[in-house]
Amino acid sequence: MRITVNGESIGLEDRYTVLDLIERYHLADQPCAVEINRQLVPKAHHREHRLTEGDEVEIVTLVGGG
Amino acid sequence: MRYTESAVRIVDELQRYHRQILLPDIGESGQRRLLQSHALIVGGGALGTMIADALARAGVGTLSIVDRDTVELTNLQRQVLYDEDDVAQMIPKAEAAKNKLARINSQVVVHGHVDDFSARNAERYVEGVDVILDGLDNFETRYLLNDVAVKHGLPYVYGGAVGTTGMSFLVLPHPQCRAETGRSLVRWSAAQSTPCLRCVFPEAPPPGASPTCDTAGVLGAAVAIIAAHQCAQAIKLLTGNLDKVDRSLLSIDVWLNQQRTLDISGARDSDDCPCCVRGDWAYLQGRAGGAVTTLCGRDAVQITPGPDGSQPKRLDLAAMAAKLSPHGSFTQNAYLMHGRFSNERSANGEPVELTLFPDGRAIIKGTDDLGTARSIYAKYIGA
C-alpha cells in the first residue's frame, strides 16, 4: 500500500502499524505525536492501529531545546 | 477640557501601548488587563529572553523569570536580552534580563530569580501568576512545569526549539484535577480546556535520546517563531480573548519550510493521562525525573536519570563521545565515557570533567553546585 508521511509518499507492506512506522523512522525512543487523516492517534493505540491505503500521516517529535 | 493630574498620568501610562490598543480585541480594557497580569517565564535562554522582551514591551505588568545560569558568549547569537558586558562580568541570566527589561519598560515590575527551577520550589514560583511560559532547555523540567500547572489550574504555554525546528502548544488544564485554587485572571470551563503535555506525549524521552541546542545547534529564527507563538497565546489569554487562542499543536521547520498544525483536541478524551486525569504528579512529587546529589568532598555531582520515561535505554557511549567531541576530549571503554570539557571550567579554572555510564548516570566533576551540574547535563547530554 502507499501512504503519505509528512508529505512524502512511501510504499509499505500490509499489516503495518503506527508503531512499525515509528520504528521505521528510528523514533521509538522519542516522544511522538501521530496524526492520521487529521485525527490524532494516542500513544496507547500506536501498537494496534493499522495503517490503510492512502492514509495521510503526520509524525512530530517533542522538541526539547530552547 | 481639563484633565486631573491622575488622568494625565494614566493617559501617559497607556500612550506607549497605542498601536496595541488600536487592535479591536485588545483596546484600552485589554491593555489594562495586561498591566494587571503576572507572567512566569521559566528559563532565560533564547525562548525565555524573546518571550520576556515581547511581554515587557506589550505591558504585561509583572514578569518573573527563573534561570540558574550565567550569560555565556555562545548565548549572544540568539538570546536577545544579553550583551558582551554580561558575558565579561559573568552576570546571572535572571539578573541580566531584569536589568535590560527595566530599561525597556520601567512600568513593568520584573522579578529575576537566580535559581534552579525544581520540584522543591516549583509551587512557590507559580503562586499568584496568571500564565506560565516555557523557556526551558530540557524535557524533565517541562514535565514538572506541566504537573504544577495542572495542579494549580494555570495556563501553561509549552514551547521548544532545536536546530531549525520548533514546537508550541497551549495547555489549559482540565479543572477535574485542580488541587489548588490558582488566582489566575484567566478563566475557562471544562469544555474550553485543552490536553496537557502528558496527554499528547505521555513520557519524556530517556537522557541522550534527543538533540540539544548545545550538541545539534539552533537557529535563532526558529526560536523566534516559537516564542512569538507562545506570546500571542499568552496575550490572548490575558486580554480575555479565550476564543481566539490556538488549540492545535504547531510544529515548524524554518529551514525545510515546513509547518504543521496537529489537532490535539482529542488527546485527553481517549487517554488515561496520569497528570490531568488521574492527578498523579510524579515530577512535582519527585517520583519521576532524575536524582541529583553532591558527592561530598569530591567537588562533584552525580546525576541519576529518573525511573520515568520509556524502558531503560543503554546509551551508545561511542556516539555520545563523538557528539561531544566539539566541546572537549572524550573517550569511552565498555563501561563508561570520560573526558574534559574545553569550555566548562570549575571555580579554580580547571576543566570540568564528565563521566557518563550507559544507563545515563553521570558524574560531573568540577562543581558542587546541583544547578550547575544539571545545567551541564541538560546542555550536553539532554534530559
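Q: Would you take a moment to explain the domain arrangement of chain B for this structure?
A: When the parts of a complex come together, some accessible area is lost, and that lost area is often taken as the interface size. Residue and element names in this part refer to chain B. Its domain assignment divides chain B into domain 1 (9–262) and domain 2 (292–380). Taking only C-alpha atoms, the centre of domain 1 and the centre of domain 2 are 29 Å apart. Taken together, the contact between domain 1 and domain 2 spans 19 residues of the former and 17 residues of the latter. Here domain 1 packs against domain 2, burying approximately 1600 Å² in sum over the two surfaces, 47% of which is carbon and sulfur. Interface area lost by domain 1 to domain 2 is led by Pro207, Asp214 and Thr215, which between them contribute 33%.

Q: Please clarify how the interface of chain B and chain A should be interpreted in this entry.
A: At the junction of the two partners, chain B supplies 39 residues and chain A supplies 20 residues. For the pairing of chain B and chain A, the buried interface totals around 2300 Å² over both sides, and the portion due to carbon and sulfur atoms is 59%. When the buried surface of chain B facing chain A is broken down by residue, Phe201, Arg260 and Leu262 of chain B rank first, second and third, together holding 24% of it. On the surface where chain B and chain A come into contact, there are two salt bridges. The closest approach of N and O atoms between Lys43 of chain A and Glu203 of chain B, which form a salt bridge, is 3.2 Å. Between the two partners, chain B and chain A, sit 14 residue pairs in polar contact (both at pLDDT 80 or more). The set of elements that each furnish at least two residues to the side of chain B that touches chain A consists of helix H4 (46–58), helix H8 (139–152), strand E5 (156–162), strand E6 (165–171), helix H9 (197–200), strand E7 (249–253) and strand E8 (258–262) of chain B. The class makeup of the residues in the side of chain B that touches chain A is 22 nonpolar, ten polar and seven charged.

Q: How do you make sense of the nonpolar core when you look at a structure like this?
A: When a protein is soluble and globular, its nonpolar side chains tend to lie buried together. One finds Ile132 and Phe201 of chain B to be the most contacted residues of the largest nonpolar core, which totals 96 residues. The contacts of Phe201 of chain B, once residues within four sequence positions are left out, are Pro31, Cys32, Ala33, Val60, Thr61 and Leu62 of chain A together with Tyr143, Met167, Phe169 and Leu249 of chain B. Listed in part, the 22 residues of the second largest apolar core include Ile303, Phe330, Ile364 and Tyr377 of chain B.

Q: Explain the packing of H4 of chain B against helix H11 (residues 220–238) of chain B to me, please; I cannot follow it from the model alone.
A: Residue and element names in this part refer to chain B. Relative orientation of the contacting elements H4 and H11 amounts to 45°, with a least axis distance of 9 Å. Of the possible angle classes, the one that applies to H4 and H11 is oblique. The handedness of the crossing between H4 and H11 comes out as right-handed. Residue-level inspection shows Ala46, Leu47, Met50, Ile51, Ala54, Leu55 and Ala58 of H4 in contact with H11, the latter providing Gly220, Val223, Ala224, Ile226, Ala227, Gln230, Cys231 and Ile235. Looking at the contact of H4 with H11, its residues break down into 13 nonpolar, two polar and no charged.

Q: Is there a simple way to think about empty space enclosed by the protein in this case?
A: If a probe the size of a water molecule is rolled over the atoms, the empty space left behind becomes visible. By the definition in use, this model includes three cavities of 30 Å³ or more. Residue assignment for the lining of the largest cavity shows that the elements contributing at least two residues are H8, strand E10 (300–304) and helix H13 (370–380) of chain B. Per element, the largest residue contribution to the lining of the largest cavity is three residues, and it comes from H13 of chain B. Each residue belonging to the lining of the largest cavity can be placed in one class, and the counts come to seven nonpolar, four polar and three charged. Each of two domains, domain 1 (9–262) and domain 2 (292–380) of chain B, supplies a minimum of three residues to the lining of the largest cavity. Reported here for the second largest cavity is a volume of approximately 50 Å³. Contributing to the lining of the second largest cavity are Gly64 and Gly65 of chain A together with Asp137, Asn138, Phe139, Ser210, Pro211, Thr212, Gly382 and Ala383 of chain B. Grouping the amino acids of the lining of the second largest cavity by side-chain chemistry returns three nonpolar, six polar and one charged.

Q: Is there a simple way to explain the pairing of strand E1 (residues 2–5) of chain A in this structure?
A: Moving residue by residue along a regular strand, the side chains alternate between the two faces of the sheet. All names here are of chain A. The two faces of E1 differ: Ile3 and Val5 on one face are buried, but Arg2 and Thr4 on the other face are not. Of the strand pairs in this sheet, E1 and strand E2 (residues 8–11) are connected by four bridges, and their pairing is antiparallel. Across the sheet, the residue bridging to Ile3 is Ile10, located in E2. Where E1 folds back on E2, the antiparallel hairpin that results is connected by two residues, among which Asn6 adopts a positive phi of roughly 45°. Sheet topology places E1 next to strand E5 (residues 56–61); two bridges connect them, and they run parallel.

Conventions and cut-offs
- Residues numbered from 1 in each chain as written.
- Chains lettered and ligands numbered in written order.
- Predicted model: local features only at pLDDT ≥ 70, side-chain atom pairs only at ≥ 80, totals over all residues.
- Heavy atoms only, no water.
- Domains from an automatic or database assignment.
- Contact = heavy atoms within 4.5 Å.
- Buried area = accessible area lost by both parts, 1.4 Å probe.
- Salt bridge = Lys/Arg side-chain N within 4 Å of Asp/Glu carboxyl O.
- Polar contact = N/O pair within 3.5 Å; in protein donor to acceptor, adjacent residues only side chain to side chain.
- Helix = DSSP H or I, 4+ residues; strand = E, 2+ residues; numbered from the N terminus.
- Nonpolar A, V, L, I, M, F, W, Y, C, P; charged D, E, K, R; others polar.
- Core = buried A, V, L, I, M, F, W, Y, C linked by side-chain atoms within 4.5 Å.
- Buried < 20%, exposed > 50% of the residue type's maximum accessible area, 1.4 Å probe, protein only.
- Axes fitted to C-alpha atoms, helices over the stretch in contact; angles between N-to-C directions.
- Parallel < 35°, antiparallel > 145°, perpendicular 65-115°, else oblique.
- Left-handed = near helix turned anticlockwise from the far one by under 90°.
- 1 Å grid on protein atoms, 1.4 Å probe; cavity = no way out; pocket = protein on both sides within 12 Å on 5 of 7 lines; lining within 4 Å.
- Points joined across faces, edges and corners; volume = space filled by probe spheres on them.
- Pairing = 2+ DSSP bridges.

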